[in-house]
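# Structural overview for review
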Protein chains: 2
Amino acid sequence: MNQDKLSLTFAALGDPTRRAILVRLSKGEASVSELAKPFMSEMSAPAITKHLKVLEKAGLITKGREAQWRPCKLNGEPFKEVSQWLEHYRQFWEESFDRLDEYLKTMTKATKKKGKKNVRKK
Amino acid sequence: MNQDKLSLTFAALGDPTRRAILVRLSKGEASVSELAKPFMSEMSAPAITKHLKVLEKAGLITKGREAQWRPCKLNGEPFKEVSQWLEHYRQFWEESFDRLDEYLKTMTKATKKKGKKNVRKK
DNA sequence: TGGTTATTTAACCGATAAGGTAATTATGAA
DNA sequence: TTCATAATTACCTTATCGGTTAAATAACCA
């Protein structure tokens, strides 16, 4: 795998099964077999074990031990790192608002000066 | 690749070269060769082309054409989707605050009742 | 002890990710 | 037309991913 923490995290999140496991864990701890249940028809137990390993390596979950069960729980820290990384791009996904805002400002100015200029066709 | 949009996006973000490209693009449009420049020593031009294809398929960038150049620009929408997905987990990365908060509350109550209980050692 | 359940490991397989080199296409300029 | 630059495509290799089945390990229960 790609070495650095963020790459491990993003790569781990890039699989729908693993994201579904995280959704389940966001509702509370669960053993491996509980986590596997929803996928029984589509996937074997070892496949789930491997997914959990990927999530664990990324630090997204931690596994405890309780008798023969391995209760998994979600760990928030990598989510935080993703969130922080993402912040750098916030302006880009809010850009449409900026554009609308700018457009409205431009229109107002234009209207004040001499009205209707640069009016979109169609 | 994994079909669904979010998986494509996360997978695309799971590579440091691609994230570096996005950082560059967050500072403004750039041609393929401009984007490739910082990686020339480590990577061939076709490798960059491929990374850009991955980013493009995830909708993270769009490529235009201007003479023989393909100016790339960042597209915010997938970032937004990641951000929205991430929101579901916010409580987990802010959990430490909750714990601290809860700890302080508990301490206050305990102090009121009979003082110093569960005081941290060291 | 033997049996049952939970989980992991080992070994394997097919698909694809990520890189390389060489050749090709597209465009502009001499 | 020919040359130079930008970018892509084709083809190949290697490693990793995501899954399988079969076997091993761990812990409880009778």
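Computed from a predicted structure; not experimentally measured.

This part takes up the protein's contact with DNA strand C. Taken together, the neighbourhood of DNA strand C is formed by 23 residues, with A:Ser33, A:Thr49, B:Ser44, B:Lys50 and B:His51 sitting nearest. Separating a phosphate oxygen of DNA strand C from a side-chain N or O atom of A:Ser33 is a distance of 2.3 Å. Within the side chain of A:Lys63, one N or O atom sits 3.1 Å away from a phosphate oxygen of DNA strand C. Listed by contribution, the elements that provide at least two residues to the surface near DNA strand C are α3 (32–36) and α4 (45–57) of chain A together with α4 (45–57) of chain B.

This part takes up the packing of aromatic side chains. Across all of its chains, the model carries 11 aromatic pairs over all chains by this definition. With a centroid separation of 6.2 Å and an interplanar angle of 35°, the aromatic rings of A:Phe10 and B:Phe10 are classed as tilted. Of this pair, A:Phe10 sits in helix α1 (residues 5–13) while B:Phe10 is found in helix α1 (residues 5–13), placing the two residues in two different chains. With relative accessibility at 0%, the residue A:Phe10 sits in the buried group. When the centroid spacing of 4.8 Å and the interplanar angle of 40° are considered together, the rings of A:Trp85 and A:Tyr89 count as tilted. With respect to class, A:Trp85 is no different from A:Tyr89; both count as buried. Taken together, the ring pairs in this structure connect A:Phe10, A:Phe79, A:Trp85, A:Tyr89, A:Phe92, B:Phe10, B:Phe79, B:Trp85, B:Tyr89 and B:Phe92 into an aromatic cluster.

Our focus in this paragraph is the interface of chain A and chain B. Listed per partner, the contact involves 26 residues of chain A and 27 residues of chain B. A combined buried area of about 2500 Å² lies between chain A and chain B, and 67% of that area is made up of carbon and sulfur atoms. Among the residues of chain A in contact with chain B, A:Arg19, A:Tyr89 and A:Trp93 are the three that bury the most area, contributing 23% of the side total. Connecting chain A to chain B are 2 salt bridges. A:Arg19 is the partner of B:Asp4 in a salt bridge, and the nearest nitrogen-oxygen pair spans 2.8 Å. The tally of links between chain A and chain B comes to 6 residue pairs in polar contact (both at pLDDT 80 or more). Going through the elements one at a time, α1, α2 (16–25), α5 (77–87) and α6 (90–93) of chain A are the ones with two or more residues in the side of chain A that touches chain B. A per-element tally of the side of chain A that touches chain B places α5(A) first, with 6 residues.

Moving on to the packing of α1(A) against α5(A). Residues and elements named next belong to chain A. Taken N-terminus to C-terminus, the directions of α1 and α5 make an angle of 100°; their axes are 10 Å apart at the nearest point. Considered as vectors, α1 and α5 are oriented roughly perpendicular to each other. Contact with α1, carried on its side by Lys5, Leu6, Thr9, Phe10 and Leu13, involves Glu77, Pro78, Glu81, Val82 and Trp85 of α5 and no other residues of that element. In the contact of α1 with α5, the residues fall into 6 nonpolar, 1 polar and 3 charged.

Parameters and conventions
Residues numbered from 1 in each chain as written. Chains lettered and ligands numbered in written order. Predicted model: local features only at pLDDT ≥ 70, side-chain atom pairs only at ≥ 80, totals over all residues. Heavy atoms only, no water. Near = heavy atom within 4 Å. Polar contact = N/O pair within 3.5 Å; in protein donor to acceptor, adjacent residues only side chain to side chain. Helix = DSSP H or I, 4+ residues; strand = E, 2+ residues; numbered from the N terminus. Phe/Tyr/Trp six-rings, centres within 6.5 Å; stacked < 30°, edge-to-face > 60°. Buried < 20%, exposed > 50% of the residue type's maximum accessible area, 1.4 Å probe, protein only. Contact = heavy atoms within 4.5 Å. Buried area = accessible area lost by both parts, 1.4 Å probe. Salt bridge = Lys/Arg side-chain N within 4 Å of Asp/Glu carboxyl O. Axes fitted to C-alpha atoms, helices over the stretch in contact; angles between N-to-C directions. Parallel < 35°, antiparallel > 145°, perpendicular 65-115°, else oblique. Nonpolar A, V, L, I, M, F, W, Y, C, P; charged D, E, K, R; others polar.

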